[in-house]
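Structure assessment
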Amino acid sequence: MKEEQLQLIQHDRILTVQRDWCKGCNLCVQSCPAGILSLDDGERVIVEDISRCIFCGVCAARCPDFVFTLARTAQPQVAMGGPA
Amino acid sequence: MKEEQLQLIQHDRILTVQRDWCKGCNLCVQSCPAGILSLDDGERVIVEDISRCIFCGVCAARCPDFVFTLARTAQPQVAMGGPA
Amino acid sequence: MRSDPLRIRLSGRGGQGIILAGTMLAEAAMQDGLYVVQTQSYGPEARLGASKSEVVVASKEIAFPEVLVPDLVLCFSREAYLKFGKQVSPGGVVLLEESILKDIPDAQGQFLPLRRTARELGKELVLNVVGLGALVAITQAVSRESLRSALRHRVKPEFLDLNVDALEAGFRLGESVPSRA
Amino acid sequence: MRSDPLRIRLSGRGGQGIILAGTMLAEAAMQDGLYVVQTQSYGPEARLGASKSEVVVASKEIAFPEVLVPDLVLCFSREAYLKFGKQVSPGGVVLLEESILKDIPDAQGQFLPLRRTARELGKELVLNVVGLGALVAITQAVSRESLRSALRHRVKPEFLDLNVDALEAGFRLGESVPSRA
Amino acid sequence: MASVGQDLTEYLRQEMMPTVWCPGCGHGIIAQGIASALKQIDADLDQVVVVGGIGCSGRTPFYMNTGAMHTTHGRALAFATGLKMARPSLTVIVAMGDGDALAIGGNHFIHAARRNIDLTVVLYNNSIYGMTGGQAAPTTPPTSHSTTTPLGSIEPNFDSTALAMAAGATFVARSTTFDFQEMPQLIARAIRHPGFSMVEVLSQCPTYYGRLNRLGEAPEMLLYERDRTMPVPDGPIPEITREQLVGKQPIGLFREEIRPEYTERYRELCQMAGGTYGA
Amino acid sequence: MASVGQDLTEYLRQEMMPTVWCPGCGHGIIAQGIASALKQIDADLDQVVVVGGIGCSGRTPFYMNTGAMHTTHGRALAFATGLKMARPSLTVIVAMGDGDALAIGGNHFIHAARRNIDLTVVLYNNSIYGMTGGQAAPTTPPTSHSTTTPLGSIEPNFDSTALAMAAGATFVARSTTFDFQEMPQLIARAIRHPGFSMVEVLSQCPTYYGRLNRLGEAPEMLLYERDRTMPVPDGPIPEITREQLVGKQPIGLFREEIRPEYTERYRELCQMAGGTYGA
Amino acid sequence: MRLIQGNEAVALGAIAAGCDFYAGYPITPATEIMEQMARILPSRGGVFIQMEDELSAAAAVIGAAWGGARAMTATSGPGFSLMQEHIGYAAMTQTPCVIVDSQRGGPSTGLPTLPAQGEVMQARFGSHGDRIAIVLTASSVRSAYEMTARAFELAEIYRQPIIVLLDAVLSHMRENVDLPEVTPAVRPKPVPGDAFQPFGDNPFVPFGEGYRSVVTGLAHDESGLPNTAGGKAAERMMRALEDRLRRDARKITHYTTHALEGAKVVVLSYGITARAAREAVELLRSRGVPAGLLDLQTLWPFPDWLVQEIAAQADAILVPELNLGQLVMPVQAAAQGRCRIEPLGRADGNLFTPEEIADAARSLLAEKEGGVLHG
Amino acid sequence: MRLIQGNEAVALGAIAAGCDFYAGYPITPATEIMEQMARILPSRGGVFIQMEDELSAAAAVIGAAWGGARAMTATSGPGFSLMQEHIGYAAMTQTPCVIVDSQRGGPSTGLPTLPAQGEVMQARFGSHGDRIAIVLTASSVRSAYEMTARAFELAEIYRQPIIVLLDAVLSHMRENVDLPEVTPAVRPKPVPGDAFQPFGDNPFVPFGEGYRSVVTGLAHDESGLPNTAGGKAAERMMRALEDRLRRDARKITHYTTHALEGAKVVVLSYGITARAAREAVELLRSRGVPAGLLDLQTLWPFPDWLVQEIAAQADAILVPELNLGQLVMPVQAAAQGRCRIEPLGRADGNLFTPEEIADAARSLLAEKEGGVLHG
Ligand SMILES: Cc1ncc(C[n+]2csc(CCOP(=O)(O)OP(=O)(O)O)c2C)c(N)n1
Ligand SMILES: Cc1ncc(C[n+]2csc(CCOP(=O)(O)OP(=O)(O)O)c2C)c(N)n1
Ligand code: SF4
Ligand code: SF4
Ligand code: SF4
Ligand code: SF4
Ligand code: SF4
Ligand code: SF4
Ligand SMILES: [Mg+2]
Ligand SMILES: [Mg+2]
């Protein structure tokens, strides 16, 4: 998952990751409660295992570079009971 | 008593009045507890009756123009029991 | 007008209303249909010591605005006389408040009891208007009617009566002077 | 020296120690008895994007201080290559950190595993010193002894050993390059 | 959590990204806080102007998808005062650095506070001059290192909230970049507040303050922020609480008072004079 | 009475008399207060410099028989800071107007206070700009008239003592020209105080503030001063006392604290660095 | 016909030209402009605000302009020095606004109540970096009114801060004048589309009118955004303005002449000094000396072309100024040796008298005739 | 031989010249001067203080000078604008001190990290009123050291604020240099008697040394006291200084020349631009073009006499500057049409390359030869 911008969708949530704005500061990495973020060789964030994402938005709130956007889809997907 | 600078001596006190610095603001006139100060025709302070002066120094303290100086003489005159 | 341009200098202590007097004189000249420029000394001296206000009146546009040698001088105070009252154009008029004579016995000019007159009217503050009236009566620098109207224009309503009285008293004072120019 | 004056450009991202590398190179040149001028790009770009440090070395006084067309270029990052790595004088040398090739497959120059070498030494921070060593080994821009002494002069004592190792590693890396100029 | 579902895309000027800020700089978190606050109050972005001073913090306006004014060092509040007076319907937010607001700009700071004009200052306090490379600021704590205090600072530092209150500010709060939920909320409340409002946000400058004072990288600095602050209940801090702080900086809302706002007073003045203001 | 026997002749620069001040201006009373304070502390006049800003108050240095520095509008404290740092053995007194110190000079005021540098500010507060002819100052109370607030001021005014304390001043007092005994004593204590000290003196400007606000001539204005103030005991003003003030301004000594003084700290810094300062 | 003071004329000229915002800080001899504005503006719903200093006054004016106001401030020497940073900012951000400087004796606090012309070069070069300056002056109460109004018009046309220089005498002088009607410049209200560029040769759109401009003192291009090419773009825009001003030279150069025809010695003067100069020229002509007057109301951009025309005709140009010699430098540069240029400076707080100027002018011709012309 | 940066050289030059007081406020590209001073001064018992802004930095420097210090500050464009009021104050109060301005792209925030020469005229005319300015500049690290030291010396000799202009490239550039020895100027310690006059052509006596001076920015006479004749006295003292500087012109005008002999086109340059100019001249000479270089280190008082000497010999003078054309004006004024003067300006943050200057110079000669010389 090393595209410049990627979108991770689950339930009614979309996590957009604008990777090319990432500066590799590690703030999200150290804050993600699911521990699924890390930096790649080029010091840019990668989401290691989206299935473990709890869509808590901490990464977005902690990132100084607007890399993450957590939004709801207009049309929620079938409820999957993921953690809110 | 209309000289430019005059000196009034009593006991060990000297009251010097630098009349040409006076601007006629009336502050001393209205503050003198003995009521012996007033302004002349040219709006400058005059001491009407030095014998009634109690050498309290209020005129000096109130005058914004350094007109009055109250000092002790080096050699006090014979004690006359004037008010201190 | 005595000369064209006519150069007038009013002088006195700060607080004696010199600038207002100059302004009224200028306004009167304007109402007489003349060109006029009024200037003034300004600053700390305007409070203390001698200050002045100058008016140049002319029938054509006035270039240089200040008065180098005045045709008419009015002095309200000793300091003003010493600083400004000693220079006048040939045939010019110097008008002095009489008390200056007490301080400077050899002062040269026409002496008038301006302050006394003002006091008699109840407020020494109108000294400037008394002086203006006298000046105009003696020199016909501007018309009396214009000066009256300038006074109405520049003076606060509550003080108008007092000032009109002062002006007329000034006129009378000026008329009483024999050597009327 | 390969040419006189010799114009060298070091470039990379902010934080990659470009300016310090330029300074050490300049100091080494000075110890070699040459005239030297070092300049740098500065400012927000120095933090982000590509920044550069330039060194001109000559046997006589140097007038114009900047490098218009370099004889030697060293690039540590992709952006640096794109901005600064594409221009070199005829016969000039372009030295590139190998990872640039991954991003820009058609990049032109000598590729060296500078970062990998630095990492293997334990701290990627010494990338600049590794690069400097390689550059000097390949181009003989300055003498190795002078460079060693410049390093001792500019590096904090606690990091000296690490940096000396990095420099020697850089020398070796440069030596390993066949097309040694 | 507050942030969930927050899409700030339209609040950010996409074409200016990435920012010039260093990796891990707290300023981006504050800028995000402002964007988030604008969203919380559902601002009409055409009627918002973000005014910045000069400094890393001063770059904020470039990243906001609002009107943007990047002014001169220290004077942002004076520009903002003119702007607000000329068009009182605008929402004006002023992003200033600690040096910007409290060193060169200290006078405009206290005067804007005194007037109680409806501006919102977000004070990016990273205890240092970032933009110029790590010199001491009036917020640099005693003994701290900077490039101009190589042996440690010998100057006491300002408490901007105390200063703002003494000068007359009617909304005064402090938060940190660690407190990512409270901080945007405080900014939103500050914007809504009719009068001069200030939210000081303690921010990390890993590049200079962090490095020169060996506080680690951004993640460690966030924890440092957490540990050197203590939330206090809304309102003036009672003496007892103050004692309990034991050297920690209080965070929270220290004052929220309604007093006549300046453009409102000016409107009344015009009315008195027969004019119509701000129509 | 304190004034008896006070011959201030040698403290005054005779050749500059009479002053430029208007009849009845309170500034002369304050200047006399400074002279009297210098006498009280038996100052070596060769080692005293009185620094003034621009304004009627700023003329004070001309009348003091000490070193005299008449600087620029608002910046007197910055000049004084340089002077004191360069020669810490000097006693430096800074005479500033309310506009001077708190409008254009507000920043230097709070920064000098923050540093706690051993300067003594005597703040001549006549609630107006005297020198330029009666414009509003940051001390002009709301609804007061001035030539720039012809319908009455709509701005809140500063409390300079609150500002000084928030900024870090260690000696803060207020007096009036009515209080001719306390005022010089406070100034003397302020000069003796090792650190930044400020004595605000409420002063009358009969020419502008008095006239525009129909407060009468100088003698009436002195009584007005008496009536709008209330002495309070030394130290911080307790909340209860504050309530008893009912709109009156407290006068007295509000803070007197010993904290490390700036030139002293600088001396220590030099020592640390191996240098000898202020020898 | 009204008797009004120079400073009052400035206020009235501004109001007539649509000024609805004044921010200032008092200073002699400009204060009355501010006091007038404090009286006038609230009654018209305009803004009057007294700021904490001149730095903030200039800043507030620029802020207000971006809030849509026609904004001005007025000051004098010390305050003018303090405004320089922001005058540069206004230039860089293409902000229309007007700054009046009533000159008093300097340097420093100097002679606060006396006239001078010491800011002629500062008005052009006083801010750091380089900018294009438009600077007007006036020698009468009427022209103080007109030039202030004109400054507002030029501010709109060129989107620049326009400076009006007065002096202590003119500021406080009263003359009887008929004030001409002035129509405020119409500001176009474009509806900015996506391709709209807020800077360069484009109309000015304040905040709150539908376009979210980015305003910065950093070098930027027409979009307003600073970028690495900002330097080139900024220079390009400045040069474009310079060109435009050069093309408009005859429209923006305000001046009056007197007796220029056949004049062998020309007094080039401006501001209050031009009044003495005019009397001097009349004096000289009345004595048969072929003297003429050029009274400049536009000082910058400096009208080289006018000087060149005169230098081609006259033997000498005398430049009397209430300073140590300032405008004489561009005059010399423009004349390029084609005629003798003589400075005449004074900086003691007094005006030149007509005689002094006449004497200096006559002696220039006398030297020429006596063959002692030092090129 | 040491490798040092321009800003470091300034600091070292100042220290060598006896500087024991620095007050400043950080700003790119001057900051390192301050940082150096923060490191050096405490260890020598000198004072380093970071002030709240540039206004106060300049004020503190002046205050310190009156406390007996050899004081300096350094800044860049925006800060230099803010210091103007106090530079005027220092001039009026005859306060010896040194102000360094490292020029970056302007106007306004401009191009904070790129070089410019936009303050050449501001250094002369930037403060209100009129003053006499002494302004030095440098084109190498060594001369940055020397000119800073020289500035301290001139400050003592003339009791004036001395300005040193650098630029962003020179400030940050490193060169290997041998720093010459400098002996701090000796300050006479007069024992002021009753008749002592603290101003005018008299020695400087700081506070605390037995004389209670009155220092004021108001116009004053030699006694320091402001009075009604202050205007005349102030002008008299300024003119006396002007005369003294004119007499000392050859002592205070620092410059270097290159290949001037027989040069038909002369590049008149200064600061960082002079380095490209030198290379350009070498290039031209190597191609047989008779070009020469005048590299000025003293910009003000402007050395008219030098320009006149060159104008008498050359066909054309080219004035390349990193601004829109500033120093070219005094050059034109001095040359008085005796040879062609051509400005060459740029304000985009880049240096001129040697080729650009060479091309411009050559084309001047070419035009001349082609007979298209426009006087
Ligand atoms: C008048 C002026 N002086 C100095 C500067 C240089 N300068 C730019 S930003 C800055 C300080 C930045 O510190 P701060 O305000 O704390 O913002 P930060 O960068 O830390 O966010 C300084 C001194 C300037 N641009 N203008
Ligand atoms: C930079 C600058 N701005 C404005 C002025 C004009 N000015 C002189 S004194 C003064 C205010 C005086 O008021 P204050 O400080 O209260 O002193 P006061 O005269 O009332 O004692 C002003 C605005 C100036 N000299 N310099
Ligand atoms: S939303 Fe929460 S769990 Fe998902 S990546 Fe971000 S921080 Fe980790
Ligand atoms: S917090 Fe943002 S910038 Fe930092 S590593 Fe994560 S994504 Fe990258
Ligand atoms: S000393 Fe006292 S009694 Fe005597 S004149 Fe003065 S005030 Fe009056
Ligand atoms: S108080 Fe002083 S100035 Fe006022 S009337 Fe008395 S003597 Fe005169
Ligand atoms: S220097 Fe500090 S404040 Fe500036 S962007 Fe970098 S981390 Fe942030
Ligand atoms: S104007 Fe006011 S403050 Fe100034 S001298 Fe007169 S009374 Fe005093
Ligand atoms: Mg900061
Ligand atoms: Mg006051």
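Quick caveat, the model's predicted, so the values are computed rather than measured. (Residues numbered from 1 in each chain as written. Chains lettered and ligands numbered in written order. Predicted model: local features only at pLDDT ≥ 70, side-chain atom pairs only at ≥ 80, totals over all residues. Heavy atoms only, no water.)

1. A word on the interface of chain H and chain G
Taken together, the contacts link 55 residues of chain H with 55 residues of chain G. Together, the buried faces of chain H and chain G total about 4,800 Å²; carbon and sulfur atoms form 59% of this surface. Remark: the boundary between chain H and chain G carries 2 salt bridges. In this structure, the salt-bridge partner of G:K232 is H:D348, at a minimum N-O distance of 2.8 Å. One can count 28 residue pairs in polar contact (both at pLDDT 80 or more) joining chain H with chain G. Within the residue set of the side of chain H that touches chain G, elements represented by two or more residues are α4 (77-92), β6 (111-115), α5 (122-125), α8 (230-247) and α12 (328-335) of chain H. Ranked by residues supplied to the side of chain H that touches chain G, first place goes to α4(H) with 9 residues. (Contact = heavy atoms within 4.5 Å. Buried area = accessible area lost by both parts, 1.4 Å probe. Salt bridge = Lys/Arg side-chain N within 4 Å of Asp/Glu carboxyl O. Polar contact = N/O pair within 3.5 Å; in protein donor to acceptor, adjacent residues only side chain to side chain. Helix = DSSP H or I, 4+ residues; strand = E, 2+ residues; numbered from the N terminus.)

2. A short note on the packing of aromatic side chains
By convention here, two paired aromatic rings are described through the distance between centres and the angle between planes. In this structure the tally under the stated criterion is 26 aromatic pairs over all chains. Summarising the aromatic geometry, the rings of G:W66 and G:F204 are spaced 4.6 Å apart at their centres and angled 70 degrees between planes, so their arrangement reads as edge-to-face. With G:W66 in helix α3 (residues 54-66) and G:F204 in the loop between β9 (174-177) and β10 (214-216), this residue pair connects regions lying 138 residues apart in the sequence. The exposure class assigned to G:W66 is buried, which follows from its relative accessible area of 0%. What makes G:F204 buried here is its relative accessible area of 5%. Judged by centre distance (6.4 Å) and plane angle (75 degrees), the ring pair of H:Y255 and H:W305 falls under edge-to-face. You can see H:Y255 sitting in strand β11 (residues 255-258) and its partner H:W305 sitting in helix α11 (residues 304-311), a full 50 residues away along the chain. One aromatic cluster is present, built from ring pairs that chain together G:W66, G:F199, G:F204 and G:F207. The aromatic ring of C:F171 is capped on one face by C:R144, whose charged end is 4.6 Å from the ring centroid. Seen from the ring of E:F158, F:R114 lies directly overhead, with NZ or CZ sitting 5.2 Å from the centre. (Phe/Tyr/Trp six-rings, centres within 6.5 Å; stacked < 30°, edge-to-face > 60°. Buried < 20%, exposed > 50% of the residue type's maximum accessible area, 1.4 Å probe, protein only. Lys NZ or Arg CZ within 6 Å of the ring centre and 35° of its normal.)

3. Some remarks on the relation of the copies chain H and chain G
The operation relating the pair of chain copies consists of a rotation about an axis and a translation along that axis. The two copies are related by a screw operation: chain H maps onto chain G through 180 degrees of rotation and 0.0 Å of translation along the axis, at an RMSD of 0.0 Å. Here the transformation between the copies is reduced to the relation of a two-fold axis. (Least-squares fit on C-alpha atoms with pLDDT ≥ 70 in both.)

4. Describing α8(H)
The first and last C-alpha atoms of α8(H) sit 25 Å apart over 18 residues, in line with the 26 Å expected at 1.5 Å per residue. Buried-residue contacts for α8(H) involve β6 (111-115) and β16 (340-345) of chain G together with α4, β7 (134-137), α6 (141-158) and α9 (249-252) of chain H. (Expected span 1.5 Å × (residues − 1).)

5. A closer look at the coordination of the magnesium ion (ligand 10)
Residue and element names in this part refer to chain F. On the protein side, the magnesium ion (ligand 10) has D98 (OD), N126 (OD1) and I128 (O) as donor atoms, found 2.0 to 2.1 Å from it. Mapped onto the sequence, the donors of the magnesium ion (ligand 10) take the spacing D-x27-N-x1-I. One end of the pair, D98, is in helix α4 (residues 98-104); the other, N126, is in the loop between β4 (120-125) and α6 (160-167), with 28 residues separating them in the sequence. Given a relative accessible area of 2%, D98 falls into the buried group. (Donors = N, O, S within 2.8 Å, 3.2 Å for Na, K, Ca; no water.)

6. Quick notes on the confidence of the model for chain A
Residue and element names in this part refer to chain A. Across chain A, pLDDT averages 83, with 83% of residues at or above 70. By mean pLDDT, strand β1 (residues 5-10) is the weakest element of chain A at 80, and helix α1 (residues 27-31) is the strongest at 97. Taken together, the stretch residues 77-84 has pLDDT below 50 and engages in 11 contacts with residues farther than four places along the chain or on a different chain. (pLDDT = per-residue confidence, 0-100.)

7. Side note on the pattern of salt bridges
Residue and element names in this part refer to chain A. Taken as a whole and assessed by the stated rule, the structure comprises 109 salt bridges over all chains. In this structure, R19 engages D40 in a salt bridge whose closest nitrogen and oxygen atoms are separated by 2.7 Å. Within this pair, whereas R19 is found in the loop between β2 (13-18) and α1, its partner D40 is found in the loop between β3 (37-39) and β4 (45-47), the two being separated by 21 residues in sequence. Judged by relative accessible area, which is 2%, R19 ranks as buried.

8. Brief notes about the pairing of strand β15 (residues 316-321) of chain G
Residue and element names in this part refer to chain G. Among the 6 residues that make up β15, 6 are buried, leaving the element largely enclosed by the rest of the structure. In β15, alternate side chains face the same way, and those of A316, L318 and P320 on one face and I317, V319 and E321 on the other are all buried. Taken together, the 3 bridges between strand β12 (residues 265-270) and β15 define a ladder with parallel strand orientation. Bridged to V265 within β15 is A316. Relative to β16, β15 runs parallel, the two sharing 6 bridges. Residue pairing in the sheet places P320 in a bridge with L344 of β16. Following the backbone out of β15, through helix α12 (residues 328-335) and into the adjacent parallel β16, one traces a crossover that is right-handed. (Pairing = 2+ DSSP bridges. Right-handed = clockwise from strand over helix to strand, strands pointing away.)

9. Looking at the sheet that holds β11(H)
Residue and element names in this part refer to chain H. Sheet architecture is open: 5 strands sit in the order β11-β13-β12-β15-β16, paired in mixed fashion. Among the strands making up the open sheet, the edge pair consists of β11 and β16 (340-345). Taken over all neighbouring pairs, the strand axes of this sheet differ in orientation by 20 degrees on average, direction set aside. Of the strands in this sheet, β11, β12 (265-270), β13 (291-296) and β15 (316-321) touch helix α10 (residues 273-286), which is tilted by about 165 degrees from β13. (Axes fitted to C-alpha atoms, helices over the stretch in contact; angles between N-to-C directions.)

10. Details of unusual backbone geometry
In this structure, the amide linkage connecting C:D4 to the following residue, C:P5, adopts the cis form with an omega of 0 degrees. Secondary-structure assignment places C:P5 in the segment before β1 (6-13). Following H:W300, the chain continues into H:P301 via a peptide bond in cis, with omega recorded as -5 degrees. Positionally, H:P301 belongs in the loop between β14 (298-300) and α11. The phi angle at B:F66 is positive, at roughly 60 degrees, despite the residue not being glycine. With respect to the element layout, B:F66 can be found in the loop between α2 (58-62) and β5 (68-72). In this model, F:R214 sits at a positive phi of 50 degrees, which is unusual for a non-glycine residue. On the secondary structure map, F:R214 appears in the loop between α8 (206-212) and α9 (218-227). Given the relative accessible area of 75%, F:R214 is considered exposed.

11. Quick notes on the arrangement of the chains
No other pair among the 14 pairs of chains in contact exceeds the contact count of chains G and H. If you take every C-alpha in chain C and every C-alpha in chain H, the smallest gap between them is 9 Å, and the two do not touch.

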